[in-house]
Amino acid sequence: MKTSNTWRARLRYEFDKSMAGGAIALIGWLALISLVVISLAGAFLALTGIAPEGGEPVSFIEGTWESLMRTFDAGTMGGDQGWGFRLVALVVTLAGIFVFSALIGVISSGLENKLDELRKGRSRVLESDHTIILNWSSSIFDVISELVIANQSRKRPRIVIMANKDKVEMEDEIATKVGDLKNTKIICRSGDPTDLYDLAIVNPHTSRSIIVLSPEDEDPDSQVIKSVLALVNDPSRRPEPYMIAAEIREAQNTEVARIVGGKEMQLVLADDLISRIVVHTSRQSGLSAVYTELLDFDGCEIYTLAQPQLEGKPFGTAVMSYDSSTLIGVCDVEGRIHLNPSPNRVIGPGERLVIIAEDDASIQIWSGAPQIAQNAVRLPVKRGVQPERTLILGWNRRGPVIATELGRYVAPGSLLTIAANTPEFEAEVAGLLLPNDHMAVQHHVIDTSSKAALEALDIPSYDHVLVLGYSDHMSMQSADTRTLITLLHLRKIAENAGLHINVVSEMTDVRNRELAEVTRADDFVVSNKLVSLMLAQASENEFMAAIFAELLDEEGSEIYMRPMSDYVAIDQPVNFFTVALSALRRGEIAIGYRRQRATDQDLRNLGGVTVNPNRSELLTYTAEDMVIVLAAD
């Protein structure tokens, strides 16, 4: 009995294993059943001599063939004669109906399972020179839009996306929010970007570049670091270095991320980037348009490339050697970026130049001699620095960084007032570590969407007002809606006071900026948009993160807007060569201008900002126009 049970259990186990093989195994079993049925029927007819009425007895082969025909088609038995033959045919036909009904079900189920598998996005990507985006966040749509613009000059560009999200949902959202993909094809795959097996699906070994977004999950930085770790330490990885652009939110995680990614990774510290741009823009209205122009692919971009013709020449001479491009720095042979170096610095062999241009094909050394109006060049003007009063309305995780960064620039005797009502707001303000004692800090716990509470702050007495979103404590759209309400109240307060209040607002979603423009705020910093632009640029230019780190570092050269009348005479038309020379004599680089009364239509909504103008074109400036310079202070 024990042997019998073991024998039966073994047979049952082997049968279960074969059935687990899926549709192919089921089809095999059905084929075996059909073979047995028609073989038995053929043998029975041959042995018994049963034949159709009036017909001759059939052989085994003929009986098998007759059985096979009735298995395939139940209607075949309709013409059979003789009850003995009819009974055999009926049994064979019933078995055929069972087998083929089951076969249709198996094939249908197999096809459905295959379609489900394809919808899951688990098949391997067989692309090369493609851009990979890992993780999913609200920034992904802007990243894709910028890459689409950058890909227009390429043949068969591909963007491959992997995230812990349904493949069909990803494709539907992209189709809805991105729109025209031009010549770029999007390929989505579902998987875990921190898993080596899943990463192999997107084929990183043949990729052009890899962008690692900060996911909208708990502890997003650890997810980013694990993804980079999986990429660079894959035992089967390619020998050539990857080009990785990774987004990190918390500053304390940057050291670990750099250790993991090494020289293969450009790190975009999102909160730090946005905080610095918010501070710079609040003190110089319109500056966010300059950063946007430098970061997006629709307009001028920053290139890093060799210019052998300028080797051995002073940097100042090289600056004046371009008409349709703007030289702003040098990348030395060790890969270090030097923005706005000394005009006397000689460009060495093998060094690359950092140049602003519309595209790399337009970077040409000008063959002509610059026509400079020497009599229009003005001597440097030293302006005194005055204490500033700054008001921050709203609070989020970037607030402490913004307050610290603001303290680096203001003159002694300045005041920062912070008003918000978020959880732990008071504790965070009390824990602020300012770089010096130039700025006093006070705070008020109020509802910043209340007009009465805002009026009690005496807002017209402040030089700058920053409105931060509550993005840490509510959804992106809810945070922007509350920001809009605050901006509308500020507009009304300014109108009632008959004064202009310098207001700069942080927005999360670029689509809400158009709505916010009715508030007449001086400038908007769209945080998600700028981070997306930075990641897209870093995936195309391996030095972009280092360039912007230098641009936003208080110890390096930064972007400033200064009165054009301080640099050149505005009572006569002058070209930008003249403006550039005046800036060079001050140890600065002129990269553009801002016209308060723009004569051309501002199609790109840059607030009159022009970066990298044609230097030989004559223009007449006004007292309100500003020159945009790269300067140490």
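On a predicted model such as this, the values are computed, not experimentally measured, just so you know.

1. So, the overall build of the protein chain
Okay, step 1: Regarding its fold elements, the protein chain presents 20 helices and 20 strands.
Okay, step 2: Out of the 633 residues belonging to the protein chain, those deemed buried represent 49%.
Okay, step 3: Sequence-distant contacts in the protein chain: of pairs separated by 6 or more residues, those separated by 24 or more amount to 75%.
Okay, step 4: Of the roughly 29,700 Å² that the protein chain leaves accessible, carbon and sulfur atoms contribute 55%.

2. Side note on the sheet that holds strand β15 (residues 503-507)
Okay, step 1: An order of β13-β12-β11-β14-β15-β16 is seen for the six strands of this open sheet, with the pairing classed as parallel. At either end of the open sheet lies a strand with only one pairing partner, and these are β13 (439-445) and β16 (523-526). The mean angle between the axes of side-by-side strands here comes to 15°, regardless of whether they run parallel or antiparallel.
Okay, step 2: Of the strand pairs in this sheet, strand β14 (residues 464-467) and β15 are connected by three bridges, and their pairing is parallel. From the neighbouring strand, Val465 faces β15, where its bridge partner is Val503.
Okay, step 3: Of the strands in this sheet, β11 (389-393), β14, β15 and β16 are in contact with helix α16 (residues 476-497), which crosses β15 at around 170°.

3. Re the pattern of salt bridges
If charged atoms from side chains of opposite charge come close, those side chains can pair.
Okay, step 1: Applying the stated rule across the entire model yields 25 salt bridges.
Okay, step 2: Close ionic contact of Arg482 with Asp447 constitutes a salt bridge, the shortest N to O distance being 2.9 Å. Of this pair, Arg482 sits in helix α16 while Asp447 sits in the loop between β13 and α15 (451-455); the two residues are 35 residues apart in sequence, bridging distant segments of the chain.
Okay, step 3: For Arg482, a relative accessible area of 18% translates into the label buried.
Okay, step 4: Exposure remark for Asp447: the relative accessible area of 33% places this residue in the partly exposed category.
Okay, step 5: Overlapping salt bridges bring together Lys165, Glu169, Glu173 and Lys177 as one network.

4. Digging into the pairing of strand β4 (residues 209-212)
Okay, step 1: The alternating pattern of β4 places Ser209 and Ile211 and Ile210 and Val212 on opposite faces, both of which are buried.
Okay, step 2: Inspection of the sheet shows β4 paired to strand β5 (residues 244-248) by three bridges, in the parallel sense. Each bridged residue has a counterpart across the sheet, and for Ile210 the counterpart in β5 is Ile244.
Okay, step 3: Taking the sense of rotation as the criterion, the β-α-β connection linking β4, helix α8 (residues 220-232) and β5 turns out right-handed.

5. Concerning the sheet that holds β5
Okay, step 1: Spatial ordering of the open sheet is given by β3-β2-β1-β4-β5-β6, a layout of six strands whose pairing is parallel. Where the open sheet ends on each side, the last strands, each with one partner, are β3 (185-190) and β6 (265-269). Strand-to-strand twist of the sheet, defined as the mean angle between neighbouring strand axes without regard to direction, takes the value 20°.
Okay, step 2: Sheet topology note: the strand β1 (residues 131-134)/β4 ladder contains four bridges and is parallel. Along β4, the bridge assignment pairs Leu134 with Val212.

6. A word on the environment of Val37
Okay, step 1: Relative to the helices and strands, Val37 is located in helix α2 (residues 23-48).
Okay, step 2: Considered as a pair, Val37 and Thr93 are 56 residues apart in the sequence and their alpha carbons are 9.9 Å apart.

7. Observations concerning the pairing of strand β17 (residues 558-563)
Okay, step 1: Buried residues dominate β17, accounting for five of its six residues.
Okay, step 2: Where β17 lies against strand β20 (residues 626-631), six bridges are found, and the strand directions are antiparallel. Among the inter-strand pairings, Pro563 is bridged to a residue of β20, identified as Met626.

Thresholds, definitions, all that
- Residues numbered from 1 in each chain as written.
- Predicted model: local features only at pLDDT ≥ 70, side-chain atom pairs only at ≥ 80, totals over all residues.
- Heavy atoms only, no water.
- Helix = DSSP H or I, 4+ residues; strand = E, 2+ residues; numbered from the N terminus.
- Buried < 20%, exposed > 50% of the residue type's maximum accessible area, 1.4 Å probe, protein only.
- Contact = heavy atoms within 4.5 Å.
- Areas by Shrake-Rupley, 256 points an atom, 1.4 Å probe, with all protein chains shown as cover.
- Pairing = 2+ DSSP bridges.
- Axes fitted to C-alpha atoms, helices over the stretch in contact; angles between N-to-C directions.
- Salt bridge = Lys/Arg side-chain N within 4 Å of Asp/Glu carboxyl O.
- Right-handed = clockwise from strand over helix to strand, strands pointing away.

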